[in-house]
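Structural characterization, general
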Amino acid sequence: MLIQLTDQPIDVAAVLQAVQADGAGAVNSFIGTIRNRSTGRRVVRLHYEAYDQMAVHQLRKVAEQAVEKWPMLQEVAVVHRKGTLAIGDVAVVVAVSTPHRAESFAACQYIIDTLKEVVPIWKKEEYEDGSVWVAAHP
Amino acid sequence: MKLTIALFGITREIVGAPQLELSVPEGQSVQALLAQLQQSFPALGQLRSLAVAVNNEYAEPGALLQERDEVALIPPVSGG
């Protein structure tokens, strides 16, 4: 299991490599990237901030929950970026390997969806004329 | 007892510091801590949600705090 929070660019190929397994017939991945628009405004860059120690702990818990739900999971990797990111940069990579494809889609989606709900990482979108902490206010 | 509250994202900006030192009654509950903080910093009450983490886990409102606990405010998360 590879769980990492990093302020360096994510090597996507290395994350995929980390879930290689002889028992795997499927490798599934989700790559989250920085989009140039948000709620109609042009995004210039994003700042990610994390509560490092809790974020890593919660990432690990999410990955372990996925293994409990899909015991056939061979390997799991989750790498999340922090710091300042530009448009097109990779913010997060989730990768899983399973014997067959159906479970690989389900487990990968579970991990990214749950990550977004529970892992203490925050992004601030910077526009040409201001900035906003995403989802902070109703 | 003394508590150090770690602050991140918008809570860090609202309070204007990365952490907050507080004196609270022995065995203060998470709920009471939140109420105290929202009274001192009303902008915290305007967030979509505000959770408290104790020792890297989300704490229930009724959980009781101890002096050595690592406490943090968790505003709405937005990773991914």
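Residues numbered from 1 in each chain as written. Chains lettered and ligands numbered in written order. Predicted model: local features only at pLDDT ≥ 70, side-chain atom pairs only at ≥ 80, totals over all residues. Heavy atoms only, no water.

- The name recorded for chain B in an unreviewed UniProt entry is Molybdopterin synthase sulfur carrier subunit, from Hymenobacter gummosus.
- The heading Sequence similarities (unreviewed entry) in the UniProt record of chain B holds the text "Belongs to the MoaD family." (UniProt positions renumbered as here; feature names shortened; annotations may be inferred.)

- The name given to chain A in an unreviewed UniProt entry is Molybdopterin synthase catalytic subunit, and the organism recorded there is Hymenobacter gummosus.
- In the Subunit (unreviewed entry) part of its UniProt record, chain A is described as follows: "Heterotetramer of 2 MoaD subunits and 2 MoaE subunits. Also stable as homodimer. The enzyme changes between these two forms during catalysis."
- Word for word, the UniProt comment on chain A under Sequence similarities (unreviewed entry) is "Belongs to the MoaE family."

Focus on the nonpolar core
- By size, the foremost hydrophobic cluster in this structure holds 32 residues, and its most contacted members are Y51 of chain A together with L3, I5, L33, L65, L73 and I74 of chain B.
- Residue assignment for this core shows that the elements contributing at least two residues are β1 (2-6), α1 (9-15), β2 (19-23), α2 (30-40), β3 (51-54) and β5 (71-74) of chain B.
- For I5 of chain B, the contacting residues outside a window of four places in its chain are P18, Q19, L20, L22, L33, V71, A72 and L73 of chain B.
- Counting residues in hydrophobic clusters, the runner-up holds 30 residues, among them V62, A63, V92 and V119 of chain A. (Core = buried A, V, L, I, M, F, W, Y, C linked by side-chain atoms within 4.5 Å. Buried < 20%, exposed > 50% of the residue type's maximum accessible area, 1.4 Å probe, protein only. Helix = DSSP H or I, 4+ residues; strand = E, 2+ residues; numbered from the N terminus. Contact = heavy atoms within 4.5 Å.)

A few points about the packing of helix α2 (residues 52-69) of chain A against helix α3 (residues 101-118) of chain A
All names here are of chain A.
- Where α2 contacts α3, the two axes come as close as 10 Å, and the packing angle between them is 145°. Here the hand of the crossing between α2 and α3 comes out right-handed. Listed contacts from α3 to Q58, L59, V62, Q65, A66 and K69 of α2 are Y110, I111, T114, L115 and V118. (Axes fitted to C-alpha atoms, helices over the stretch in contact; angles between N-to-C directions. Left-handed = near helix turned anticlockwise from the far one by under 90°.)

Structural notes on the sheet that holds β1 of chain B
All names here are of chain B.
- The strand order across the open sheet built from 5 strands is β2-β1-β5-β3-β4, with neighbouring strands paired in mixed fashion. The sheet is open, and its two borders are formed by β2 and β4 (57-58), each paired with just one other strand.
- By the bridge criterion, 2 bridges tie β3 to β4 in an arrangement that is antiparallel. Looking at the pairing, A53 lines up with Y58 of β4.
- Against the sheet, α2 makes contact with β1, β2, β3 and β5, and its axis sits at roughly 110° relative to β2, the strand it touches most. (Pairing = 2+ DSSP bridges.)

A look at the sheet that holds strand β1 (residues 2-6) of chain A
Residues and elements named next belong to chain A.
- Strand order in this open sheet of 4 strands is β1-β5-β7-β2, and the pairing throughout is mixed. The open sheet has two edge strands, β1 and β2 (26-33), and neither has a second partner. On average, adjacent strands in this sheet sit at an angle of 5° to one another, irrespective of strand direction.
- Note: β2 against strand β7 (residues 90-98), 8 bridges, orientation antiparallel. Looking at β7, one finds that G32 is bridged to V92.
- Those strands touched by α2 are β1 and β5 (75-81), and its axis lies near 150° from that of β1.
- The sheet strands contacting α3 are β2, β5 and β7, and the helix crosses β7 at an angle near 145°.

A word on the side chain of T98 of chain A
All names here are of chain A.
- You can see T98 is positioned in strand β7.
- Of the polar contacts made by the side chain of T98, one reaches the backbone oxygen of H100; its length is 2.7 Å.
- In this view, T98 contacts G23, A24, G25, A26, M72, L73, Q74, E103 and S104; residues no more than four positions away in its chain are not counted. (Polar contact = N/O pair within 3.5 Å; in protein donor to acceptor, adjacent residues only side chain to side chain.)

Details of the environment of I31 of chain A
Residue and element names in this part refer to chain A.
- With respect to the secondary-structure elements, I31 resides in strand β2.
- A relative accessible area of 36% places I31 in the partly exposed class.
- Spatially, the C-alpha atoms of I31 and V90 are 6.8 Å apart, while their sequence positions differ by 59 residues.

Some details on the packing of aromatic side chains
- A full pass over the atoms with the stated rule returns 3 aromatic pairs over all chains.
- Ring geometry for Y51 of chain A and F8 of chain B: centres 4.6 Å apart, planes at 25°, overall stacked. Of the two residues, Y51 of chain A sits in the loop between β4 (41-50) and α2 while F8 of chain B sits in the loop between β1 and α1, which places them in two different chains.
- Cluster of aromatic residues (ring-pair linked, three or more members): Y51 and W122 of chain A together with F8 of chain B. (Phe/Tyr/Trp six-rings, centres within 6.5 Å; stacked < 30°, edge-to-face > 60°.)

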